[in-house]
Structure formats: C-alpha cells, structure tokens
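Observations on chain architecture
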Amino acid sequence: MLGEFRRELARIFEQRVRDLYAIDHTAIVEVPPRRDLGDLALPGALQLARDLKRNPRQIGEEIAAELELPDWVREVKVQGAGFLNIYLDRGSVAAAILSRPLFEAPESGQKIIVEHTNINPNKAAHIGHLRNAVLGDVLSRVLRALGHRVEIQNYIDDTGVQLADVVVGFLDIRGLSRDQIAALPEPFDYYCWDLYAEVGAWYAEDESRLEHRRATLQALEHDTGERAEVARLIARRVVKRHLETMARLGIGYDLLTHEGAILGRNFFAKAFEQLKARGAVKLEESGKNVGCWVMPLAESEEFAGLEDPDKVIVRSDGTATYVAKDIAYQMWKFGLLGDDFGYRYWDEAGIWQTVADDEGGDERPLAANGEKRPEFGAAERVINVIDARQSYLQKVVRVGLERLGFESQAERSIHFAYEMVSLSTAAARQLGFLSDEDDDEDAGSLEMSGRKGIGVKADDLIDQLIDKSREEIRTRNRELPDDELDALAADIATAALRFFMTKATTTRVIAFDFEEALNFEGESGPYLLYSLVRAGNIWRRLEQEGLATEITPEQVTELPAELWQDDLWDLVYAVAQTDGRVEAAGETLEISLVARHALDLAQKFNALYHKHPILQEKDDNVRAVRLATTRVFSTGMRALCDLLGLPTPERM
RNA sequence: GCACCCAUGGCUCAACUGGAUAGAGCAUCGGACUACGGAUCCGAAGGUUGGAGGUUCGAAUCCUCCUGGGUGCACCA
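What counts and what doesn't
- Residues numbered from 1 in each chain as written.
- Chains lettered and ligands numbered in written order.
- Predicted model: local features only at pLDDT ≥ 70, side-chain atom pairs only at ≥ 80, totals over all residues.
- Heavy atoms only, no water.
- Pairing = 2+ DSSP bridges.
- Helix = DSSP H or I, 4+ residues; strand = E, 2+ residues; numbered from the N terminus.
- Axes fitted to C-alpha atoms, helices over the stretch in contact; angles between N-to-C directions.
- Contact = heavy atoms within 4.5 Å.
- Domains from an automatic or database assignment.
- Buried area = accessible area lost by both parts, 1.4 Å probe.
- Polar contact = N/O pair within 3.5 Å; in protein donor to acceptor, adjacent residues only side chain to side chain.
- Nonpolar A, V, L, I, M, F, W, Y, C, P; charged D, E, K, R; others polar.
- Phe/Tyr/Trp six-rings, centres within 6.5 Å; stacked < 30°, edge-to-face > 60°.
- Buried < 20%, exposed > 50% of the residue type's maximum accessible area, 1.4 Å probe, protein only.
- Parallel < 35°, antiparallel > 145°, perpendicular 65-115°, else oblique.
- Left-handed = near helix turned anticlockwise from the far one by under 90°.

The next thing to look at is the sheet that holds strand β3 (residues 83–88). What the three strands build is an open sheet, ordered β1-β3-β2; its pairing is antiparallel. What marks the edges here is a single partner per strand, and that holds for β1 (40–42) and β2 (73–79). In this sheet, adjacent strand axes meet at a mean angle of 25 degrees when their direction is disregarded. Alignment of β1 against β3, held across three bridges, turns out to be antiparallel. Residue pairing across strands places L40 opposite I86, the latter belonging to β3. Packed onto the sheet, helix α1 (residues 2–21) meets β1, β2 and β3 and runs at close to 25 degrees relative to β1. Lying over the sheet, helix α3 (residues 56–65) contacts β2 and β3, oriented at roughly 160 degrees with respect to β2.

Here the focus is the domain arrangement of chain A. Assigned domains within chain A: domain 1 (2–88), domain 2 (427–518) and domain 3 (525–644). Listed per partner, the contact involves eight residues of domain 1 and seven residues of domain 3. Around 650 Å² of area is buried between domain 1 and domain 3 when both sides are counted, 47% of it from carbon and sulfur atoms. The largest contributions to the domain 1 side of the interface with domain 3 come from L2, R35 and D39, which together make up 70% of the buried area. Where domain 1 touches domain 3, the interface holds five residue pairs in polar contact (both at pLDDT 80 or more). No other element matches the three residues that α1 contributes to the side of domain 1 that touches domain 3. Residues of the side of domain 1 that touches domain 3, tallied by class, amount to four nonpolar, one polar and three charged.

We now examine the environment of Q79. As for its position among the elements, Q79 is in strand β2. Expressed as a C-alpha distance, the spacing of Q79 and A584, which sit 505 residues apart in the sequence, is 28 Å. Once residues within four sequence positions are removed from consideration, Q79 is found in contact with D36, L37, R57, N85 and Y87. Looking at Q79, its side chain comes within polar contact range of the side chain of Y87, at 3.3 Å.

A few words on the packing of aromatic side chains. Within the structure shown, the criterion is met by 18 aromatic pairs. Ring centres 5.6 Å apart and planes at 10 degrees place the aromatic pair F170 and Y191 in the stacked group. Note that F170 is positioned in helix α6 (residues 161–173) and Y191 in helix α8 (residues 188–205), a separation of 21 residues in sequence. Here Y191 falls in the partly exposed class, since its relative accessible area comes to 26%. Ring geometry for F272 versus W293: centroids 5.3 Å apart, planes at 90 degrees, classification edge-to-face.

Helices that pack against each other are described as a pair by the angle of their axes relative to one another and the distance between those axes. Closest axis-to-axis distance for the helix α24 (residues 592–611)/helix α25 (residues 620–644) pair is 10 Å, and the angle between their directions is 150 degrees. With respect to their mutual orientation, α24 and α25 come out roughly antiparallel. In this structure, the crossing between α24 and α25 has a hand that is left-handed. Residues V594, A595, H597, A598, L601, A602, F605 and L608 of α24 touch α25, and the partners they reach there are T629, T630, F633, G636, M637, L640, L643 and L644. Residues of the contact of α24 with α25, tallied by class, amount to 12 nonpolar, four polar and no charged.

Shown next, in the form of structure tokens:
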C-alpha cells in the first residue's frame, strides 16, 4: 500500500525538480529512523546540492515551497541538512488500507518455477523435509502475491541409490514379492523408514552385498525387469504418503517431475550433445577419472583451489551422474532443450506428473476432470529450494548452463539455500538417539540421517502438535463437537509448525527441540492466530451490544486527526508497510521477513488491545478510531497469514 | 588443505542490509480493574554483540588475522 504513496511522492518531487532546475532526478523515498522525523523522507536535496553547487538546505526549502501535495500528506518539513520530511495524514492512510489491495501486482510479472520438497521416495518425510516444503510453499505464495506466475514442481528421484537400497531391502533382505509389497498396510513410508536403516547395516556386515545395489541401480536406469517394476510401486506408494503429509499443512504442487522420465525421454542425451558441441566436457583418457566425461572447472574462479576441479558428468560405465541429469532438467525448465515430457494426471488432488511415454500420443491429454493441461516449463526464472549442503552441486549445474552459452539463464537460475534441521541434545535424548551416558553437555546437536534412521518423522510431529492443541482447547473449557475440535486442532497445529519453520533466518541451522516447537505462547503461530481471533471477538461483542461493527473508508477519513494517537498509528503504519516487507522477502528470498512482520503486527495489536478497550468506550469518535485500527490490523494480518499459509479460525 | 555458513543476555532468535538508546520470545521474579477470553498484557533482572586490529562522522553489520562450531570439496543424490 505504502509503495503507491512512495512512488507518487517521488513523481511529484521529480516533477518539481524538473520545473525548478530542468534536471532529471531520480527521487529516493525512505522511511526515516525516528518518528519525530516524519513518516517518509526525501533526501533528494542533498544529492542535488552537488550538481547545483548550492546549499542543500536552501534547495530543500525551494522545492518544498510550492510542492503540490496529495491530500494524504498532512505536512512537509525541511529538516536536518535538507531532508524533506513528510508527515502523513493518518486517517487517509488507514482509509487507503481499507479500500485498496495491500499489494499491487506489477505488470512485469514473470513465469517462475519453484522446485521444492524433493524427498527421495524411499522413506517417510522428516522435519528437515518440512523446512524445505514450508519455505518453498511460502516463497511461492509470496511470489504470486507480487504478481508472478508460479509453477510448483516436486522432483522425484525414482532412479537413484536411495530408492534402489529400499528395493534391495524388500527383495533381498525380506524376500517379498511385488504383490506382497503392494499389500503392506499403511503407513507404508514408515515401514520403509525402518527398512532403509536396516539396509545400511546389512551392507556394512558384508561389503559384497553392495552388488545388489549395483544391479538394482542398473535396472532402474534402464527401467527393465522386476526390480524396476518394484521400484515404481515403492516410489508411487511413498510419494503418495509424502503428498498426504504435505497436504495436512496445506502444501500442494503443480507437477511431479520424475527423474525416470528425464532418462526415459533421453533429455540428457540432448544436453550432452550440446555440452560436447560446446567443448564444455571432455573424455578423460588417463588419471583416476579415466573413461569418464568430465566438465573441467579449474578456470572458474568459484572452484579455484579445489583439489580435484573436474566434475564427472558421465561415468565410465556410460551412465549419467546427478549433475548431468540436473543440467538437462534445468535446460528444460528454461525451455532450452527443444523437447518436452509426456504428462499424465497423478490420480489424487489434481496434480500432474511427467512420464517417459506419451500414452496414446496425445500431446495435451485432458485431465480427469476435463480441464486442459497447463503448459509446463519454459520459465523466465527458476528457483530451486535445496538445502545448503548441496551448494557445490548447484554451482556446478549453473556453470554447466553458462558453458552451454546460456549465461542469462544461468543468472536466473537460483539456488534457494537454507540450512538443515538438526536435533537438539534434548530431543536426541528423548528419542533415544543419544544415551544418557554420552551427555557431557557438549554433545551438541545431532544431524538427522535417513540412512541411519535418525530423525523425527513429519507425521509424528504433526500428530503431537494436534494432540497438544486439543489439550489446550480443552483447558479453555471450550465445548466443541468432535469434528470441529479436530478441525480447529489441525489448524492450530499447522500454524504452529509453519510459523516455527519460517521465523528463523534461512542461513541458520535449526536445532529442533520439542519443548520449543510445542510452545504455543510468545513467538508462535498460535499467538498470531489468537490476535486475529481477538479482533473478531471485538466485532462479535459490538454487534451484541448493538454498536457499529463496520466503518467505511470515508468515515475513517473524516475522523478528527488528533484522535490518531502515536501507538495506534504505529500499528496502522506497520500494516501500511506490509507491501515493502513482502517485496523485500521476494527479492532477497528471506522468508523470515514475512513471519517477523506478522509477529510485529500481532504484538502491537495485543498491546493496544489492553490499552484501548473499544466496548466500554463512550465517545463515538474514539471508539471509531479504535475500531478502524482493528479493521486495519485484521486486513494486514489476514493477508500475512495467507502468505504464510496459516489457517485463520474464527475462534480458538 | 581449500570453500561456504554460524558465533549477540541462562536458552532460542531479531536488528529495515552501515544509522544513533542492540530489540523480542522462552526460563526467573513481581504485578494486571468482576475479561472486547490469561494461547494476553505491564514491569524487573539479565549485553564492553567469540577475540585482536582496521575502514568510517558512525560498525553486531564491511575488511584482515585468530579462536570455536557446522557443512561441503565422489564414477551418491
């Protein structure tokens, strides 16, 4: 909202400078550090002083003298070295928030692909995966609010070692048949979780058993035989569970991209031809990488100093590495490959998936509900939500694009890196991953590992959060029918979890702790929801008392200016700045800015709630100002909750 | 060895990307009118921002070195 005002002010200022000095000047509009310096500040006179070789203060006075100002400006003061400080008309700002959209969709909306979640389809999702999915989901919501067209992809590595290992577990350790695997009861991903950890130990006992892995991997790559068929079944069942888990938190996808489809469609072969043609890869004829196609990285500054600056792209057995497949995939995302996937509807939830074959040759098959399939890929910007440990690989992929001559695409291929989630010492101990003996306090946090079966499963955590929510609702003596209780508990749990995952800066490792995650007080999702519920309660009570619950923007504008006290204005102005905060989050990919801003609004509102009661207030105008503030708050908070994906129950 | 990330009150984190008095939440202690619902609010206590230099009118923020912790540097993803 405020962005509009800022741009308008800049225009007025620039026009005035043109009229006075015949100079094309680009005005800056900032928010001053202290409120007594106004609500907005134009430091332009300071810059002009240099060009005009005159005192900045005088220039400021001159510009300010006959500035044609909109009615939402109350006063302009020339202060300090020559700053033009703008004091806004508080009622006008409040009215504007109530009458206009909080964000404006810029005309420059881009098509952006956001890839997130990307869990190996061989075990249950754990809380580290939740961080990824929540960040990706919130990022997508933010980008959409900023006017971009976002396509959400979830990459499924259905031909990799991790899946192969579970296949080995089912076939070679358990000796189960395809049908027996298909008949296993839910939760299938939990079963795989334990089995996967077992496979690691099984290999360790006898290294020759790794031959099973190799054979399975070959079968998956070439999509042949029983092993490939079993792998498909496992991947499908596990992915189904992952989607269910994420759906509990309101996280969805447009397209599931299968690695198998990249192989099946020979995407890599196409990319490889281009890499060879460009001389970006070479066949190693000696040394430890003999027989491999490698991409030399020594010339790139980013990789200088590496012991072995060459990256293997094609193994000596002729198979492609992950990086190779990912380069091809990135090219497809930008529409640079000259080929497309086949697509089919993934039966649940209106999600599409890529397939190797075209199934009947229809290039644009209809979805089950008759809707046309959207055009996937060919984005202008690509954002991959992948944890920071993969930074090196992501860099290699990017360099790959550069070497292919797609420099501008490489620039617009962004690795959204976030740090992992580890287990706090307390959590590790509670779960039995640390014995009481190896305390020593400096045991530190424990890294999660699917391979070792160390971690907190996402569904377990969600279940715990829901139980905790139920308890909390019950202590408040709320009598609710069972279905409403369940729905409310799920909402609160979702809010708690999503906020927990978004409030931390992405560059920081989260040491997961049960006590902290299950705390619904203070800086928590439920705290945010509660503030909105309170606003709703006010209106409900006003209605009961037969008092006005609505206030129109026109009425807000007409309220006496002196009623807008500083503390009320602080909240209104914070809401007005929401667009700027969200834009910053979209530009810097720092999602926590949105969460922090929401928290800031809630804290301000809760403080006012106690200080400025509405119901008992006798003066109609005072009540109206407070009501308007509550409406403004609710508008802002609701928008932020949407961005963060927090449900907003009426009561709790 | 090289590269990246982190270090802020007992604990978990902020600080609008270089701005003035370093802010919150947990935990601790003390309070809140017969309540617009205590998932709240007000207050107290707690900090020479890991250390040493440097740049700057101004540094938690930028630079250099050091210390401690994490991660990465596969023909695994």
